[in-house]
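Examining the three-dimensional arrangement
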Amino acid sequence: MWVEFQDKMRPFRVFSVQDVKKQFPSMNLMNLVRWQEKEYIMKLRNRWYAFNDAESSENMEWLAANLIYSPSYISLHTALSWYNLIPEMIATTTSVTTRKTNHFSTPLGYFDYHGIKPELFGFGYVLEDMDPFMGERGKSRKIMVASPQKAILDFFYINNFYDSEKDIEDLRLNETELEKIINSEFYQYLGKFQSKALERRIRKLTKIYGL
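Below is a summary of the structure that appears in this document. The shown structure was predicted, so the numbers you read here are calculated from the model rather than taken from an experiment.

**Things to note about unusual backbone geometry**
The phi angle of most residues is negative, glycine excepted, and most peptide bonds adopt the trans form. The omega torsion of the bond from Ser70 to Pro71 falls at 0 degrees, within 30 degrees of zero and hence cis. Inspection of the secondary structure assignment puts Pro71 in the loop between helix 4 (58–68) and strand 4 (72–74). Backbone geometry at Arg13 places phi at a positive 65 degrees, although glycine is not the residue there. Checked against the element boundaries, Arg13 lands in the loop between helix 1 (2–9) and strand 1 (14–16).

**Quick word on the packing of helix 6 (residues 148–158) against helix 9 (residues 184–193)**
At a minimum axis distance of 9 Å, the contact between helix 6 and helix 9 shows a crossing angle of 35 degrees. Of the two elements, helix 6 crosses helix 9, and the hand of that crossing is right-handed. Contacts between helix 6 and helix 9 pair Gln149, Lys150, Ile152, Leu153, Asp154 and Tyr157 from the former with Glu185, Phe186, Tyr189, Leu190 and Phe193 from the latter. Here the contact of helix 6 with helix 9 is built from residues that sort into seven nonpolar, one polar and three charged.

**Here we look at helix 3 (residues 30–37)**
Among all positions in helix 3, only Asn31, Leu32 and Trp35 are buried. Down the axis of helix 3, the sector holding all buried residues measures 100 degrees, keeping them to one side. Check the buried side of helix 3 and you find it contacts helix 1, helix 2 (17–23), strand 2 (41–45) and strand 3 (48–51). Looking at the residues trailing helix 3, positive phi occurs at Glu39, about 65 degrees.

**Some thoughts on the side chain of Asn66**
Tracing the chain through its elements places Asn66 in helix 4. At 2.6 Å, the side chain of Asn66 forms a polar contact with the backbone nitrogen of Met144. Once you skip the residues sitting within four places of it in the chain, Asn66 turns out to touch Ser72, Tyr73, Ile74, Lys142, Ile143 and Met144.

**Notes on the nonpolar core**
Across soluble globular proteins, nonpolar side chains have a tendency to be buried as a group. Within the largest apolar cluster, 53 residues are counted, with the highest numbers of intra-cluster contacts made by Leu44, Ile152, Phe156, Leu173, Leu178 and Leu205. By residue number, the principal contributor to this core is helix 4, which donates six residues. Those residues within four positions of Leu173 in sequence are excluded, and the remaining contacts are Leu85, Ile86, Ile152, Phe156, Leu178, Leu205 and Tyr209. Core analysis: the next-biggest nonpolar cluster, separate from the first, contains 14 residues, Phe5, Phe24, Trp35 and Phe51 among them.

**Quick word on the packing of helix 9 against helix 10 (residues 196–208)**
Put simply, helix 9 and helix 10 touch, their axes get as near as 10 Å, and they point 150 degrees apart. When the axis of helix 9 is compared with that of helix 10, the two are roughly antiparallel. On helix 10, the residues touching Phe186, Tyr187, Leu190 and Phe193 of helix 9 are Leu198, Glu199, Ile202 and Thr206. Along the lines of polarity and charge, the residues of the contact of helix 9 with helix 10 split into six nonpolar, one polar and one charged.

Definitions and cut-offs
- Residues numbered from 1 in each chain as written.
- Predicted model: local features only at pLDDT ≥ 70, side-chain atom pairs only at ≥ 80, totals over all residues.
- Heavy atoms only, no water.
- Helix = DSSP H or I, 4+ residues; strand = E, 2+ residues; numbered from the N terminus.
- Axes fitted to C-alpha atoms, helices over the stretch in contact; angles between N-to-C directions.
- Left-handed = near helix turned anticlockwise from the far one by under 90°.
- Contact = heavy atoms within 4.5 Å.
- Nonpolar A, V, L, I, M, F, W, Y, C, P; charged D, E, K, R; others polar.
- Buried < 20%, exposed > 50% of the residue type's maximum accessible area, 1.4 Å probe, protein only.
- Arc of directions from axis to C-beta.
- Polar contact = N/O pair within 3.5 Å; in protein donor to acceptor, adjacent residues only side chain to side chain.
- Core = buried A, V, L, I, M, F, W, Y, C linked by side-chain atoms within 4.5 Å.
- Parallel < 35°, antiparallel > 145°, perpendicular 65-115°, else oblique.

Below, the structure written as structure tokens:
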């Protein structure tokens, strides 16, 4: 049973109890408990699992982040680091969600989710073909990631304590990368937030970097 389970479920990389039921309608779900005890699989959260021998990579963690607390997309520090906008390597995977702000510690690492209003969620992210493992239909599983413009705006909207010019300077944003993304699309997204406080922080940002 375990061999057949691996063959069918491994392409999912991260899978739910519901995924298992679809592939194995008659399987005794206590198998999941036993396989977890044997350390064949790991429990990530509630009814979500991954294989214990899965390769650890940011893509695996990002895929898990998308799935175990949905809807959500990768943003904030994690996305800013990926786009080389901030110098730090980020240990925690940060996401934005329409659900309540939450935090999970999993065998794959730490996952932070910051809640925003639904009307601020449905734009400014891309479906990245970052998952090298083939999915069940022969296609790579897409990972939802904020565009660099949305990642910056999410960051300053949620982290409203970065309000003074000194606070913003201390972030040490990559000026070369920043110049590439402060464009018409950026200001279009900014308008959707309808936040005077966010607009004020962005004015300070552009003043500091002469944009």
